[in-house]
Every structure is written in C-alpha cells, then in structure tokens.
Amino acid sequence: MKKLYNLVFVVMVSAVLLTSCSAMKEVERDYQNARNPQLPSDIIGAEKLLTGVNTSSNLGDVSWRVLFNDPCFHAIVDSALANNLDMEICRKRIQEVELSLSVARKALFPTVTISPNGSVSNFNSRTTKLYDMPLTVQWQADIFGSLKNAKKSQKVLLEKSQDVIQTVQCQLISNLASLYYQLLMLDKQDAIMVQTEILWAKSVETQKALMQAGVTNRAAVDRMSASYYSIKAQIIDTKKEIVVLENAICKLLGEAPHHITRGSFDDFTMPSQIGVGIPMQALQNRPDVRAAQKTIESAFYNTKMAFADMFPKLTLGGSIGWSNGSDGSVNPGLLLSNALASLTAPLFAQGKLSANFKLSKIEMDIAHKELVQTIINAGNDVNNALIECEASKEKGVFLKKESESLKAAYDATEELMNRGKATYLEVLTAQESLLSAQLTEVTNDYAKINALINLYIALGGGR
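This structure is a prediction, so every number in the text was calculated from the model and none was measured.

### What to know about the overall build of the protein chain
For the protein chain, the count of helices and strands is 10 helices and 7 strands. Per-residue burial for the protein chain yields a buried fraction of 39% across its 463 residues. Element-wise, carbon and sulfur atoms account for 58% of the exposed surface of the protein chain, whose accessible area totals about 26000 Å².

Spelled out as structure tokens, the structure:
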C-alpha cells in the first residue's frame, strides 16, 4: 500500500510538472510572437515615392544640436530640459520605480527581525522579571520564480519609465523647435512688412506729388493711403503674435514672460537628403515603440509570476535569542533557538489564482495589439512628415520664382507710373501681389522646417 501511495504521488507530481512546462512554453511562444509582430516591410511607404529620401542613414540618429545648429536655440532647450515641470515629474516617477525595483530585489533575501520584550510583575511581595530577546529569520525559497519574475517585471517598468521621459523630452524639443522657428518666421515677415511700409509710404508721397501736378486725382491718393495704413495694421498684428510666441516659449521654460534671444530665420539649412533608415529598424528609435515593447515584456513576467503563484511556497525560518525562563528564575538567561519550515499549497482560492493567470495572458495579448497599433501610427507619422517635407520643398522653388517675377513686375510698374505711363491701380496691385507672395514664401519655408521637425521626432530623434 505504501508503494502504491508513493507511485500515485510521483505520477501526480510528474503530471503537474509536465502541465506547467507545456503551459509556460505556450506563454513564451505567445511572448515571442507579441514582441516581433508580423508587419509589412514598407510600413513607412513614402520612401519609395520621394526622390530626396534614402535608407542608408536615419535622421533620427542625428543629435538635435547638429540638426538645429543655432546657439540661441541650444540655450533655450538646455534651460527647458533643466527646469520644465513635466521633465521634473518624469524624473520623480523614475525614482518611484527605482525604489519599487529595490524592494523587489530585496524580496529574494531573508527577512530578519529582532523583537526584545520584558515585563515586571509583583505578587505577594515577590517581584518577577521576565525578558527575552529573539532574533527571527524567515526566507521564502523562490522555487518557481515568483519573486524573480516580480523583480524582472519591475526592472522592465524602470526601462519603460526611461522611455517615457525620452518621449517627454522629444515632445518638449519638438514644441520648442516649432515655436522657435515660427518666431523667426514672424521676425522675417515683420522685416518684409516694415520694408514694404517704407516703399508704400514713398508711393503715397509720389501720388500726392502727381495729384498736385494734375496728373492724378484724390481717389488715387486715398487708395494708396488706405493700403499704406493696412500694412501698418498688419505690422502691429505681427508684433503682437511675436510677443505671444515668446510667452509660449517662456511657459515651456517655466519662466515669467520675457524677450527671447534668437537667431535668424535665413540661417537654418535643410539637409540635402533625408535619411529614414531601414523602415522597421528606424521605428525602433521611437520611445513610444520601445515602451510598447516593454509593456509586453512586463506582462510576460507578470504572467510567469501569476503562474508560479498557483504552486506551493516553501518558507524556511528560525529564531535564536536570550530568555531568563518563564518563571523568571534564570538570570541572566539562557540561549534559546528553534527552526521551522512550512509549505503552503493553494488548494482552493475561489478561482482567483487561475483567473489571475488568464488575465495576465489577456494583458499580454492586449499589449501586443497596442504595439502593432503604435508601429502603424509611427509609420503613418513618418509618411505624412516625408510627404510634407517633399511638397514644401518643391513648392518653395515655384514660390521663390513667383516672388522674383512679382518684384520685377513691381519695379517696372513703379517706373512706368513715375513716367506717367501706368495708373495707381496697377502699382497698387503690383505692391499687394508682391507682399502676398513674399509672406507666402516665408510661410512655406517655415512649413518645410516644421515638417522636418515632425519627421525628426517621428523617427525617434531628440535624444
């Protein structure tokens, strides 16, 4: 009978081990499939359609200091990275995860406690003093890896937190770059309008002289004056927008509103070619993609931990200490010690352990789908930025030619007007068309820079 019991016990243990091995192999297979989703190799797509794109280099690998080679912008970003409140909050979150990881690591070591106590009692004029000072040690043998997987899960969460702070940093640099170059764009537009104001003032004076000479009439002077006043109003609006942008930058710096020291819009140089690298590898630079992968990895370790919780836990312990005995007769005391071992096996936990294991597998599946969606979104971001870069670059060639043609037309029309061979309406039309073309050209130049900023961040730049 005893041999039969032993045989049944061995069969049961073997069945449990075989079942556990099979279940964990399935979990590990699901994990590998989740970490490496099957996606099209041309996830970005647009690099096959554009002429200025190559896959031999990756724009995201370039330092932001190299791409935005402006000392004034460097100073702004350095100040923001040091003082921005969102960055400070992220740093504090990382400290929290680091502490949790430290706790998870120390869970693998024994727990040691000392609890001295004593008492004094008096009965029939007899005083009894009792004391003991036990030192207790308790250690859970991590046979099935529950504690080890908890530590690994916390380590992955720490790495994910570092990706999160990189995401915040990238977004901060992106926002600052967009605001900064928009500010430079307004500076250039303001300079164009101020120069136009000077030219239009001369046109008004010319019309007044022609009116006095009887060549033109009061209506021509009034129409020229109205256009002149319009440009002065536009200059006021532009200066207001400049201050608003300066305040927005100060807000990201965590500072009170003040003047922003800055460079020139014309100093920025676009790369001759835009490198996107090998699409799927390039997207690995993005912190949101890496964070999504870390979520899967954390879910994997949580699944292993939930699986281990369904098996028995072996706890070893013991204590050693001094005591003067229960009757207080021994003084100074005796050395007492004991050792114990306990095996806790979950037989029935209302289905919670099994449910936790199934839930952790579901969480890993959800994390896999979120990773796929994140990669698709990343490819879409890169595609849109590439198209915008190429479109604004091609558009800029024609806008420059348009401005040059309208400038020549304006100069010729003004010369004809001075000779009395062109009307004030022709000059006015030429002036307004030239100003509109010049402002549009500057706006398109900013759109080109902003598209490059978006592409840089979409490829994981800003580190």
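### So, the nonpolar core
Grouped together as the largest cluster of nonpolar side chains are 84 residues, with contacts concentrated most on F68, F73, L176, Y181, I249 and L455. Those elements that provide at least two residues to this core are α2 (64-67), α3 (71-83), α4 (85-106), α5 (146-212), α6 (218-253), α8 (287-308), α9 (352-418) and α10 (424-458). The biggest single contributor to this core is α5, with 20 residues. Residues in contact with L176, not counting those within four places in the same chain, are F73, I76, V77, A80, I249 and L252.

### A few points about the side chain of S174
Within the secondary structure layout, S174 lies in helix α5. Its relative accessible area of 9% is what places S174 among the buried residues. Beyond its immediate stretch of four places on either side in the chain, S174 contacts I453 and I457.

### A short note on the pattern of salt bridges
The final tally for this structure, using the stated rule, is 14 salt bridges. Put simply, R65 and D78 hold a salt bridge, and the shortest N to O gap is 2.5 Å. Of this pair, R65 sits in helix α2 while D78 sits in helix α3; the two residues are 13 residues apart in sequence, bridging distant segments of the chain. Accessibility expressed as a relative area gives 35% for R65, which makes it partly exposed. For D78, a relative accessible area of 34% puts it in the partly exposed group. Its salt-bridge partner being E197, residue K232 comes within 2.6 Å of it at the nearest N-O pair. One end of the pair, K232, is in helix α6; the other, E197, is in helix α5, and 35 residues separate them in sequence. Under the relative-accessibility criterion, K232 is labelled partly exposed at 34%.

### Some points on α6
Every α-helix carries 3.6 residues per turn, so stepping three or four residues along brings you back to the same face. Helix length check: α6, at 36 residues, gives a terminal C-alpha distance of 53 Å against a target of 52 Å (1.5 Å per residue), a fit within 8%. Capping the start of α6, N217 holds a side-chain oxygen 3.2 Å from the backbone nitrogen of A219, two or three residues further along. Positive phi appears at G254, one or two residues downstream of α6, with a value of about 70 degrees.

### Focus on the environment of A226
Looking at the element boundaries, A226 is found in helix α6. Overall, the relative accessible area of 43% leaves A226 in the partly exposed class. Taking the C-alpha atoms as reference, A226 lies 9.5 Å from V204; in sequence the two are 22 residues apart.

### Topic: the packing of α5 against α10
Where α5 meets α10, the axes come as close as 10 Å, and the angle between the chain directions of the two elements is 170 degrees. Overall, the two elements α5 and α10 adopt an arrangement that is roughly antiparallel.

### Thoughts on the environment of W64
Residue placement: W64 occurs in helix α2. Taking the C-alpha atoms as reference points, W64 and C170, 106 residues apart in sequence, are found 9.6 Å from one another. Ignoring any residue separated from it by four or fewer positions in sequence, one finds W64 in contact with F73, H74, V77, D78, I173, Y456, G462 and R463.

### Details of the packing of aromatic side chains
All chains considered together, the criterion is met by 11 aromatic pairs. Geometrically, the ring pair formed by W64 and F73 is edge-to-face, given 6.2 Å between the ring centres and 85 degrees between the ring planes. Side by side, W64 and F73 carry an identical accessibility label, which is buried. Considering the side-chain rings of F68 and F73, the 5.5 Å spacing of their centres and the 70 degrees angle between planes classify their relative orientation as edge-to-face. For F68, a relative accessible area of 1% translates into the label buried. Through successive ring pairs, a cluster of aromatic residues spans W64, F68, F73, Y180, Y181, F268 and Y456.

### Side note on the side chain of S227
On the secondary structure map, S227 appears in helix α6. Beyond its immediate sequence surroundings of up to four residues, S227 is in contact with W200, L428 and E432.

### A closer look at the environment of S100
Among the structural elements, S100 can be located in helix α4. Each C-alpha atom of the pair S100 and L158 lies 9.1 Å from the other, and the pair is 58 residues apart in sequence.

### Some points on the packing of α5 against α6
The geometry of α5 relative to α6 is characterised by a closest axis approach of 8 Å and an angle of 160 degrees between their N-to-C directions. When the axes of α5 and α6 are compared, the pair comes out roughly antiparallel. The chirality of how α5 crosses α6 is left-handed. Grouping the constituent residues of the contact of α5 with α6 by class yields 23 nonpolar, 8 polar and 9 charged.

Conventions used here
Residues numbered from 1 in each chain as written. Predicted model: local features only at pLDDT ≥ 70, side-chain atom pairs only at ≥ 80, totals over all residues. Heavy atoms only, no water. Helix = DSSP H or I, 4+ residues; strand = E, 2+ residues; numbered from the N terminus. Buried < 20%, exposed > 50% of the residue type's maximum accessible area, 1.4 Å probe, protein only. Areas by Shrake-Rupley, 256 points an atom, 1.4 Å probe, with all protein chains shown as cover. Core = buried A, V, L, I, M, F, W, Y, C linked by side-chain atoms within 4.5 Å. Contact = heavy atoms within 4.5 Å. Salt bridge = Lys/Arg side-chain N within 4 Å of Asp/Glu carboxyl O. Expected span 1.5 Å × (residues − 1). Polar contact = N/O pair within 3.5 Å; in protein donor to acceptor, adjacent residues only side chain to side chain. Axes fitted to C-alpha atoms, helices over the stretch in contact; angles between N-to-C directions. Parallel < 35°, antiparallel > 145°, perpendicular 65-115°, else oblique. Phe/Tyr/Trp six-rings, centres within 6.5 Å; stacked < 30°, edge-to-face > 60°. Left-handed = near helix turned anticlockwise from the far one by under 90°. Nonpolar A, V, L, I, M, F, W, Y, C, P; charged D, E, K, R; others polar.

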